[in-house]
There are 4 protein chains.
Amino acid sequence: MTFGKPVGVGVLGASGYTGCELVRLLQSHPGAKILALGSRQYKGIPYAQVFPGLPSVQQNFDDDVTDPQVWIDKGISVVFAALPHAAFAERAKSFVDSGLQIIDLSADFRLHDPQQYPLRYHFEHPHPDLLKTAVYGLCEWEKEAIGQAQFVANPGCYTTASLLAVLPAIAAGLWNGDPIVINAISGISGAGRGLKLGTHFVEATNSIMPYKVGETHVHLGELRQVIGKAANVTHPCVIFNPHLAPMNRGISASIALPLNQAISQAEVQVLFEQRYVEAPFVRVLCGDELPETRHVRGSNRCDIAVRVAANGKMLLVFSAIDNLIKGASGQAIQNWNIMQKWPETTGLSVEGWTYA
Amino acid sequence: MTFGKPVGVGVLGASGYTGCELVRLLQSHPGAKILALGSRQYKGIPYAQVFPGLPSVQQNFDDDVTDPQVWIDKGISVVFAALPHAAFAERAKSFVDSGLQIIDLSADFRLHDPQQYPLRYHFEHPHPDLLKTAVYGLCEWEKEAIGQAQFVANPGCYTTASLLAVLPAIAAGLWNGDPIVINAISGISGAGRGLKLGTHFVEATNSIMPYKVGETHVHLGELRQVIGKAANVTHPCVIFNPHLAPMNRGISASIALPLNQAISQAEVQVLFEQRYVEAPFVRVLCGDELPETRHVRGSNRCDIAVRVAANGKMLLVFSAIDNLIKGASGQAIQNWNIMQKWPETTGLSVEGWTYA
Amino acid sequence: MTFGKPVGVGVLGASGYTGCELVRLLQSHPGAKILALGSRQYKGIPYAQVFPGLPSVQQNFDDDVTDPQVWIDKGISVVFAALPHAAFAERAKSFVDSGLQIIDLSADFRLHDPQQYPLRYHFEHPHPDLLKTAVYGLCEWEKEAIGQAQFVANPGCYTTASLLAVLPAIAAGLWNGDPIVINAISGISGAGRGLKLGTHFVEATNSIMPYKVGETHVHLGELRQVIGKAANVTHPCVIFNPHLAPMNRGISASIALPLNQAISQAEVQVLFEQRYVEAPFVRVLCGDELPETRHVRGSNRCDIAVRVAANGKMLLVFSAIDNLIKGASGQAIQNWNIMQKWPETTGLSVEGWTYA
Amino acid sequence: MTFGKPVGVGVLGASGYTGCELVRLLQSHPGAKILALGSRQYKGIPYAQVFPGLPSVQQNFDDDVTDPQVWIDKGISVVFAALPHAAFAERAKSFVDSGLQIIDLSADFRLHDPQQYPLRYHFEHPHPDLLKTAVYGLCEWEKEAIGQAQFVANPGCYTTASLLAVLPAIAAGLWNGDPIVINAISGISGAGRGLKLGTHFVEATNSIMPYKVGETHVHLGELRQVIGKAANVTHPCVIFNPHLAPMNRGISASIALPLNQAISQAEVQVLFEQRYVEAPFVRVLCGDELPETRHVRGSNRCDIAVRVAANGKMLLVFSAIDNLIKGASGQAIQNWNIMQKWPETTGLSVEGWTYA
């Protein structure tokens, strides 16, 4: 495919880990030309000074604009917002009204029910009306809607790893409604670039740390919303136990989903393979293979394996993604590719970094 | 407590990770004097040359004896066997008949049913009659039997982390019999010191790797045997998903146990605290605290936290141990302390190594 | 630049770490089409089964050919040899005579003096006459000779990091001939994929391990050959202390070079900047910046910083590379690009993987 | 040795890494009873809540006192000060005058020349007169003075690793006065528990990072003071290049010291062995062995190896310590043991944690 004049791109929150990853990916995307790198903290500083691993990004940080017109005047027509939760919600209305394409990587527009925001994210949503405008950008399940969207809410990292793993079974009507138990293990970059004692090297290395287990993690809102819709259940029962592990990137999810009918290992394998046969970024493993985060690191791929257990009472699903790519910036670009009718894989890699 | 003349100790398999850890702990144990360090591979070589971190062990490796009389003649009265699976089974009869105290760290005498060995461990048990002689050394649950034992089968590492976490609820009759889902994450030392591609630094670092998931891991035999007995069920349904994480030591277990009755968070908390009130090596965490493997590293402690979830349908239990200590060599010494009527904590630490 | 029909490429030793990295890089190189993946060990097995991070490589391993005609018949015109030391030397003559382009990543043809091989590499060189045929492929210093070469000996990883750092000063005549002290720290992938106790995760993690220090490391042959030539000295005095650090990739070199004249910090800075002004893969840092291996990981870049110390008596040079890329497979491709008169950067990245 | 009534101990700065390590070591020291745990930040909070790895420390944090009488009234007779630089200097006079034994782990009293403080530590020393009162507590070289001291300045971590390595040669008159080049690699705990971007897990992992190289690191003051005194030189030329590596603990130092005379490898080996023959915490390695930080982790030991290189022109010395133990808290306790005329090894371990 030949790309004409590249599209002007702006990144809000370009100094965080997902922002930096967006910049890294976008600068080699044949359809993109980065025109603005928003950051309140680093405004005016050369990007490559803050991220010396990216010397080709020869621009300075720009202001973290609230008025979209400033960026439209620069020639920007798509904005990737990688701001902390609540920050983009504030400025969303003017951005949406301006006609810009928007992919928001925060949680601000992932949930349809405004009442979830004070509960889970501790802020009153300033634009509850816009919650229905944003399309939930789980690419492999919402491709058609994304293709017509102006405004996409990019899914959470844990959510992506979990939903890609359970939706084929739930959509096929195999779930009996008993609690789905999701255990997930994430690399430390998932906790962001802000300074916290828990992400100090000396505290975080050499340890496995469960946190916000059971029903307390913010991603449960998304998980229940999508699973509930797929299963046609109002209050789906989902338990989610996240853990941190001493590595930078990667989410490994191990899920137990109670089945409502006898189904063989071979049938489930076929079900999953067929569901994702046209998805370039999902690989259903076969035989004894299980997803390891090292094999997806650096790629936009999600590896999945399924096992029937407990005499057919339980389906086990295992998945692995790179949390900064398929779980954030890569999926954001995949969403943009779909919005632009470009090949889904444009500027994204199916291959991982081996032995990074 | 004052110790008189220390007891002569021999270690079979002193060059593996659990063997080395036994040696490290025993050399500062006030009741022990190490008299033999068995190893086929390193026979005759100075111990501190193979393990330069232990310069005070000023002995050479001894032969990996099969005739116990050789060690009895040296003044040894207790043998810790840290051999690969199947290796101690071969020589067990003569050791038991010799009257030596034995703590076997392998799986060779953990299971009562000889038919499990060809199935799970791929060898025909040479001494099925002895399987009932060995006491299963889960210290906090078999203290009385251990106190009268000559021959103890030390539990597996994953098993210890899992059983200490679920047994209080199961013994209290709270389990409804639906599948218990155990997810566990282990440091790489659990895979042993033998050379395998999967434990090469470059392969194992920066990754989470599930393996032998569902119903395929060898520890399921032990798990089901003990859980079945506690629940009075012949074929208890237990799903076990182990994972490797890039750290040396530690097991983090996250368990979902379906409940048969309404029970409050406070009641479960009290149940667990009371069950372990006299156990010096179990700490039941309270409030928001969750077990992190870094806090038990270097100690013989098991940290446990409980949460009631899914409107009382599910009990979540989280535990953490140091796999080489509470999950192997430390528990072996704890077993020996109990056999000797010494304080359970002799030569063992409740404290961890902070920031190791 | 537009590439026509891609060139057929074969990789000998495609299952090692440098082999795998060659494959990863070559498969997205616009001028290359991989036609053979040699491996004695894995012959016939799908490549992506051994390296699941590279699902797009949809070929099986081929035999590790000794007869070049087999590969010429497949349409191959360039061979990258990533075999263990001594293995390519055996088959070199027939490959060279066949007219194939050859880039050898081993040490077999780096040294001009055949007597060095028994001394340093413990084998008698089978084709001493060919030692002068091979061009030493240090791209930034031998570009012209490489451009005319059929057969290139790709430099060692430590050597590349060290030579790029010291040659500007030595070529400018600043060295006084006293011992150059090179300390270097490498990630574990530098030790290869073969199984050794020293690269077991549990042994190698959490430690800094000096090894083969002083004048014992094999790379000293290369270092002295190139430094001696640049300084016009027969026996240049170079001390080299390598260390392993717990990370996969990266070499950090810290070098002290005794100066023979007063030179200011500013003058040295200019000297280095000018020497590399046209080198796309060398970045001379300025101000307080120092090379960190994380900033070059995933790239073919070498970062360098210089400091004058000890009242002008000593030049300190610091450099960092990704040992598998600029220190091996990336430089090999850079050599091929030069041989092919393609832009040096074809298929290679100046950017690193941030936070890999 | 039998200890009578334990000595009351107070720790200032008990919430930092060296403070925590002091507490861990002191609580199992047979001569110590911890009576106060000073911390401005955590005052009133249970110690084991901040450091859950140490459940036996059943005290709350106390105030970070400035008036020593408060602690004397509690029965304290020795104070370990583990405060940030400049903080103890402020209160030193009243503590010294009070007659308390003091071991200060900061740099505030390591240097004799008050003019060094504004230059290197950016503060005007408030009590320059006291700089001569404090004894520099490098145990293996100042044992006699320490034995008579009330007030000891505990050496820096890099300094300890470097001085123990070079002093035998310098004291023997072997140094020719040309620049000594010290390269050292430290674990991240050396950077302290304060939050900085550079010690965020995601930034610090998988990288080697030189910093403050050449003549800019604060420890150069100590290094030059002690080396100058030993060599009888006013301005000894020492170059010091520190690096951070992705591990918690450990310093590996690799030093090149220019020799003024021909000396054989065997002679140097004997020189070092004899110098430390009575030092329980220094091990001079022989043969091919080199110090690895993993073998000293958890111990108060310093491992050293020596090599003559460059035809006798250069002595290479390699050393390894645990920066938090021999490089800080362990040496502080060793100093206290000497002050108290107790065996030097009381409460300290020669053994490391194997595979921590």
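Residues numbered from 1 in each chain as written. Chains lettered and ligands numbered in written order. Predicted model: local features only at pLDDT ≥ 70, side-chain atom pairs only at ≥ 80, totals over all residues. Heavy atoms only, no water.

All names here are of chain C. Strand order across the open sheet formed by 7 strands is β8-β9-β7-β10-β13-β12-β11, with mixed pairing between neighbours. Pairing within the sheet leaves two strands with one partner each, and these edge strands are β8 (209-210) and β11 (282-284). Summarising the sheet, strand β7 (residues 180-186) and strand β10 (residues 251-258) pair through 6 bridges and their orientation is antiparallel. Looking at the pairing, Asn 183 lines up with Ser 254 of β10. (Pairing = 2+ DSSP bridges. Helix = DSSP H or I, 4+ residues; strand = E, 2+ residues; numbered from the N terminus.)

We now examine the nonpolar core. Among the nonpolar cores identified, the biggest contains 136 residues, and Phe 80 of chain B together with Phe 80 of chain C are the most heavily contacted of them. No other element matches the 10 residues that helix α7 (residues 157-171) of chain B contributes to this core. Among all residues touching Phe 80 of chain B, those that are not within four sequence positions of it are Val 9, Gly 10, Val 11, Leu 12, Leu 22, Leu 26, Ile 103, Leu 105, Ala 332, Ile 333 and Trp 336 of chain B. In terms of nonpolar packing, the next biggest core, distinct from the first, is built from 96 residues, Ile 34, Trp 336 and Trp 342 of chain A together with Cys 20 of chain D among them. (Core = buried A, V, L, I, M, F, W, Y, C linked by side-chain atoms within 4.5 Å. Buried < 20%, exposed > 50% of the residue type's maximum accessible area, 1.4 Å probe, protein only. Contact = heavy atoms within 4.5 Å.)

Here we take up the relation of the copies chain D and chain C. When chain D is fitted onto chain C, the two copies agree to an RMSD of 0.0 Å after a turn of 180° and an axial shift of 0.0 Å. The superposition of one copy onto the other is thereby described by a two-fold rotation axis. A shared binding surface is used by both copies, with 100% of the interface residues of chain D retained as interface residues in chain C. (Least-squares fit on C-alpha atoms with pLDDT ≥ 70 in both.)

Across the boundary between the two partners, chain A contributes 40 residues, which contact 40 residues of chain B. In total, chain A and chain B occlude about 3,500 Å² of area from one another, counting both sides; carbon and sulfur atoms represent 64% of this. For the chain A face of the interface with chain B, the top three residues by lost area are Asn 206, Ile 208 and Pro 210 of chain A, together amounting to 16%. Where chain A touches chain B, the interface holds 2 salt bridges. Here Arg 294 of chain A ties to Glu 203 of chain B by a salt bridge, and the two come within 2.7 Å at their closest N and O atoms. (Buried area = accessible area lost by both parts, 1.4 Å probe. Salt bridge = Lys/Arg side-chain N within 4 Å of Asp/Glu carboxyl O.)

Turning to the side chain of Thr 293 of chain A, a few remarks are in order. Positionally, Thr 293 of chain A belongs in helix α11 (residues 293-296). With a relative accessible area of 1%, Thr 293 of chain A lands in the buried category.

Turning our attention to empty space enclosed by the protein. Here the structure, examined in full by the defined rule, presents 9 cavities of 30 Å³ or more. By volume, the largest cavity amounts to about 160 Å³. As for the largest cavity, its lining consists of 16 residues, and the residues nearest its centre are Thr 205 and Pro 246 of chain A, Thr 205 of chain B, Thr 205 of chain C together with Thr 205 of chain D. Of the residues in the lining of the largest cavity, the class split is 8 nonpolar, 8 polar and no charged. (1 Å grid on protein atoms, 1.4 Å probe; cavity = no way out; pocket = protein on both sides within 12 Å on 5 of 7 lines; lining within 4 Å. Points joined across faces, edges and corners; volume = space filled by probe spheres on them. Nonpolar A, V, L, I, M, F, W, Y, C, P; charged D, E, K, R; others polar.)

Residues and elements named next belong to chain D. Within the open sheet, the 7 strands sit side by side as β8-β9-β7-β10-β13-β12-β11. Their pairing is mixed. The open sheet is flanked by β8 (209-210) and β11 (282-284), the only strands paired with a single partner. Alignment of strand β10 (residues 251-258) against strand β13 (residues 314-321), held across 8 bridges, turns out to be antiparallel. Bridging across to β13, Ile 251 finds its partner in Ile 321. Across the sheet, helix α9 (residues 220-231) lies against β7 (180-186) and β9 (238-244), angled at about 140° from β9, the strand it touches most. Contacts from helix α10 (residues 265-275) reach β11, β12 (302-309) and β13 within the one sheet, and its direction differs from that of β12 by about 155°. (Axes fitted to C-alpha atoms, helices over the stretch in contact; angles between N-to-C directions.)

All names here are of chain D. In this fold, Val 317 is placed in strand β13. Considered as a pair, Val 317 and Arg 307 are 10 residues apart in the sequence and their alpha carbons are 6.4 Å apart. Contact partners of Val 317, with chain neighbours within four places excluded, come to Ala 165, Ala 253, Ser 254, Ile 255, Phe 272, Ile 304, Ala 305 and Val 306.

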